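Read off the chains here:
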Amino acid sequence: MQQDMIVILDLGSKENTRVAREIRTLGVYTEIHPHDITAEQLSALPNVKGIILNGGVNRVVDGVEIDASDAVYGAGIPLMAVDHKARKADVSLEAWPEDEAERSMALKRFVFDDCHAIANWNMDNFIADQIELIRQQVGNKKVLLALSGGVDSSVVAALLIRAIGDQLTCVHVNHGLLRKGEPEQVVQVFRDELGANLIYVDAVDRFLNKLAGVADPEQKRKIIGAEFIRVFEEEARKLDGIEFLGQGTIYPDIVESGTKTAKMVKSHHNVGGLPEDLQFELVEPLKMLFKDEVRACGVALGLPDSMVYRQPFPGPGLGVRCLGAITRDRLEALREADAILRDEFDKAGLRGKVWQYFTVIPDFRSTGVRDNARCFEWPVILRAVNTVDAMTATVEQVQWPVLLKITDRILAEVKGVNRVLYDLSPKPVATIEWE
Ligand code: XMP
């Protein structure tokens with residue numbers, strides 16, 4: 001790693017992530033570590049130019065105030081104490097202002113004036129470093145990657161292709177619950193344009209057969225998750241000599257901010273269900289990136305915007321939006337309606353402005369008239385929400401003409417749908433998804 005680094009020690013702050021992001025915005029790399037980092041761990045970190053002792057509301061644990069070790073105080077690296085009194089009087093400390101703009105200035109002064117850090121954290125340097133690190137880790141061995149087409153797995157795939165080319169094998173499982181055009185885009189971008197070894201698994205029948213008649217949302221999620229692992233495992237077994245598994249773990253997955261120590265939690269468990277004899281060593285080149293940095297990395301690697309700036313999409317996919325027991329006709333209607341919604345949001349300039357928008361199809365029908373005859377068909381529900389962290393959400397006030405245009409198109413183009421509804425419910429009390 002060539003970049004200068006500022007280390008943030010979590011002394012009970014809830015703002016570790018915010019401080020880390022703010023410094024990265026200044027162009028300087030940061031990592032968050034537990035307060036009790038040892039001298040060995042600290043000296044193993046490359047190019048540490050400064051340390052922030054990030055105290056806060058969780059500073060007192062079991063009646064005892066936690067503090068950094070003597071090794072940190074004695075390391076001879078500039079220290080900045082935030083939001084708490086320092087233990088040692090001889091450490092020169094910046095006051096931590098209340099005002100947000102002043103705090104930013106204080107951080108900036110610390111990073112550049114006190115630590116003399118160089119603003120060399122950028123995606124080109126990051127990619128160059130990661131290519132080097134991936135090659136060191138993997139050598140001439142082979143890597144397997146489950147490529148869903150989501151942002152994280154797509155960026156990992158692009159990075160691994162750059163680093164190790166055909167030592168990488170990607171497996172894309174089409175479970176039939178993806179949005180319109182998604183499996184095709186994965187094949188086009190990764191196989192046709194980037195030349196990846198891509199195994200495309202058409203598991204649509206297999207998933208839909210397993211899900212047939214299952215109405216309970218939790219049961220549906222379980223089936224989709226378990227079946228995914230089974231399909232992936234079967235593909236892995238067909239391949240020889242794979243020793244590594246690529247994963248799109250990102251920084252928010254591994255940092256528990258706001259806990260007393262911000263322990264680094266061991267890797268993400270998307271494939272936790274793989275059997276013992278298929279335990280691979282993980283390659284996780286994005287594990288120090290925040291989501292917006294992952295997107296910037298994807299752009300720098302040449303991935304299309306439609307892949308990099310995708311809105312969030314749940315792992316079980318359309319499965320949790322086709323309510324109750326999934327049937328193929330309703331699933332197709334849902335997929336078509338969702339494509340129309342996305343298309344019209346694009347045309348109305350709402351892509352990238354609204355956090356998440358999608359359609360839902362319930363498992364009941366209502367009466368209508370079509371061609372002068374009574375019809376008994378499905379409704380489609382539109383949902384569009386804004387949120388910062390997905391814990392709470394507000395409903396987007398979509399302009400009436402846009403809603404009417406979407407409604408007209410769905411009623412004219414989607415087979416089996418005679419009614420369109422708009423979900424006005426914020427979270428809470430409603431969740432964003434319906435199941
Ligand atoms: P809820 O419905 O809980 O959703 O308000 C919050 C956010 O999480 C997404 N979501 C999921 N994402 N796997 C995922 O990766 C899932 O099983 C899942 N369920 C919900 C949802 O789309 C929303 O953005």
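Just so it is clear, the structure is predicted and the values come from calculations on it, not from any experiment.

Participant: Can you help me understand the overall build of the protein chain in this one?
Facilitator: The secondary structure content of the protein chain amounts to 14 helices and 16 strands. Across its three principal directions, the C-alpha atoms of the protein chain cover 85 × 55 × 40 Å. Every one of the 435 residues in the protein chain was classed for burial, and the buried ones make up 52%. As displayed, the protein chain offers around 20500 Å² of accessible surface, 51% of which is attributable to carbon and sulfur atoms. Mean positive and mean negative side-chain charge positions of the protein chain (51 and 65 charges, respectively) differ by 5 Å.

Participant: Can you help me understand the site of the ligand in this one?
Facilitator: Near the ligand, the surroundings consist of Arg221, Pro314, Gly315, Pro316, Trp355, Gln356, Ala390, Lys427, Thr431, Ile432 and Glu433. In the environment of the ligand, an oxygen atom lies 2.8 Å from a nitrogen or oxygen atom belonging to the backbone of Ile432. Protein coverage of the free-state accessible area of the ligand, which is 490 Å², stands at 67%. Split into classes, the residues belonging to the shell around the ligand amount to 5 nonpolar, 3 polar and 3 charged.

Participant: Explanation requested: the domain arrangement of the protein chain in the structure shown.
Facilitator: In many analyses, interface size is given as the accessible surface area lost on bringing the parts together. Under the domain assignment used here, the protein chain contains domain 1 (5-114), domain 2 (123-308) and domain 3 (321-422). Inter-centroid distance (C-alpha atoms) of domain 1 to domain 3 is 48 Å.

Participant: How do you make sense of helix H6 (residues 151-164) when you look at a structure like this?
Facilitator: Along an α-helix, residues three or four positions apart point the same way, because every turn accommodates 3.6 residues. In this model H6 runs 20 Å from its N-terminal to its C-terminal C-alpha over 14 residues, within 8% of the 20 Å that 1.5 Å per residue would give. With 13 of its 14 residues buried, H6 lies for the most part within the structure. Count one or two residues on from H6 and you reach Gly165, which has phi positive near 50 degrees.

Participant: For this particular structure, what's the right way to read helix H8 (residues 204-211)?
Facilitator: Residues of H8 that are buried: Val204, Phe207, Leu208 and Leu211. The buried residues of H8 occupy one face: seen down the axis, they fall within an arc of 95 degrees. Where H8 is buried, its residues contact strand E8 (168-174), strand E9 (197-202), helix H9 (217-238) and helix H13 (328-347). Downstream of H8 by one or two residues, Gly213 has phi in the positive range, about 80 degrees.

Participant: Honestly, the side chain of Asp152 in this entry has me stumped. Any pointers?
Facilitator: Structurally, the position occupied by Asp152 is in helix H6. You can call Asp152 buried: its relative accessible area is 17%. Each residue touching Asp152, except ones within four places of it in the same chain, is listed here: Gly248, Ile250, Leu286, Lys291 and Val294.

Participant: How should I be thinking about the packing of H13 against helix H14 (residues 400-413) in this particular structure?
Facilitator: Packed helix pairs are specified by the crossing angle of their axes together with the interaxial distance, meaning the distance between the axes. The interhelical angle for the contact between H13 and H14, taken along N-to-C directions, is 150 degrees, at an axis separation of 10 Å. With respect to each other, H13 and H14 are oriented roughly antiparallel. Our pair here, H13 against H14, has a crossing hand that is right-handed. Touching Ala337, Ile340, Leu341, Asp343, Glu344, Phe345 and Lys347 of H13 are Lys405, Ile406, Arg409, Ile410 and Glu413, all from H14. Across the contact of H13 with H14, the residue classes break down as 6 nonpolar, no polar and 6 charged.

Participant: Would you explain unusual backbone geometry in this entry?
Facilitator: Trans is the common state for peptide bonds, and a negative phi is the common state for residues other than glycine. Between Lys427 and the following residue, Pro428, the backbone shows a cis peptide bond with an omega angle of -20 degrees. Residues Pro428 and Val429 are joined by a peptide bond in cis, for which omega reads 15 degrees. Mapped onto the secondary structure, Val429 falls in the segment after strand E16 (417-422). With a phi angle near 55 degrees, Asn47 is a residue other than glycine that sits in the positive phi range. Position of Asn47 among the secondary structure elements: in the loop between helix H2 (39-44) and strand E3 (48-55).

Participant: Even after reading the chapter, I still don't get the sheet that holds strand E2 (residues 29-34), so can you show me in this structure?
Facilitator: Note on sheets: strands pair through backbone hydrogen bonds, and any given pair is parallel or antiparallel. The strand order E2-E1-E3-E6 describes an open sheet built from 4 strands, whose pairing is parallel. The open sheet has two edge strands, E2 and strand E6 (79-82), and neither has a second partner. In this sheet, adjacent strand axes meet at a mean angle of 20 degrees when their direction is disregarded. Pairing analysis gives 4 bridges linking E3 to E6, with the strands arranged parallel. Counterpart to Ile52 in the pairing with E6 is Met80.

Participant: Which parts of the structure should I look at to understand the packing of aromatic side chains?
Facilitator: What characterises a pair of aromatic rings is the spacing of the ring centres plus the angle enclosed by the ring planes. What the rule picks out here adds up to 5 aromatic pairs. Ring centres 4.8 Å apart and planes at 40 degrees place the aromatic pair Tyr29 and Trp121 in the tilted group. With a gap of 92 residues between them, Tyr29 in strand E2 and Trp121 in the loop between helix H4 (100-114) and helix H5 (123-138) connect regions that are remote in the sequence. For Trp121, a relative accessible area of 8% puts it in the buried group. Put simply, the rings of Tyr29, Trp121 and Phe126 pair up and form one aromatic cluster. In this structure, Arg179 is placed above the aromatic ring of Phe313, and the distance from its NZ or CZ to the ring centre is 4.0 Å. Just above the ring of Trp378 sits the side chain of Arg365; from NZ or CZ to the centre is 5.1 Å.

Quick notes on the rules
- Residues numbered from 1 in each chain as written.
- Predicted model: local features only at pLDDT ≥ 70, side-chain atom pairs only at ≥ 80, totals over all residues.
- Heavy atoms only, no water.
- Helix = DSSP H or I, 4+ residues; strand = E, 2+ residues; numbered from the N terminus.
- Buried < 20%, exposed > 50% of the residue type's maximum accessible area, 1.4 Å probe, protein only.
- Areas by Shrake-Rupley, 256 points an atom, 1.4 Å probe, with all protein chains shown as cover.
- Lys, Arg positive; Asp, Glu negative; His and termini not counted.
- Charge placed at Lys NZ, Arg CZ, Asp CG, Glu CD.
- Near = heavy atom within 4 Å.
- Polar contact = N/O pair within 3.5 Å; in protein donor to acceptor, adjacent residues only side chain to side chain.
- Nonpolar A, V, L, I, M, F, W, Y, C, P; charged D, E, K, R; others polar.
- Domains from an automatic or database assignment.
- Expected span 1.5 Å × (residues − 1).
- Arc of directions from axis to C-beta.
- Contact = heavy atoms within 4.5 Å.
- Axes fitted to C-alpha atoms, helices over the stretch in contact; angles between N-to-C directions.
- Parallel < 35°, antiparallel > 145°, perpendicular 65-115°, else oblique.
- Left-handed = near helix turned anticlockwise from the far one by under 90°.
- Pairing = 2+ DSSP bridges.
- Phe/Tyr/Trp six-rings, centres within 6.5 Å; stacked < 30°, edge-to-face > 60°.
- Lys NZ or Arg CZ within 6 Å of the ring centre and 35° of its normal.

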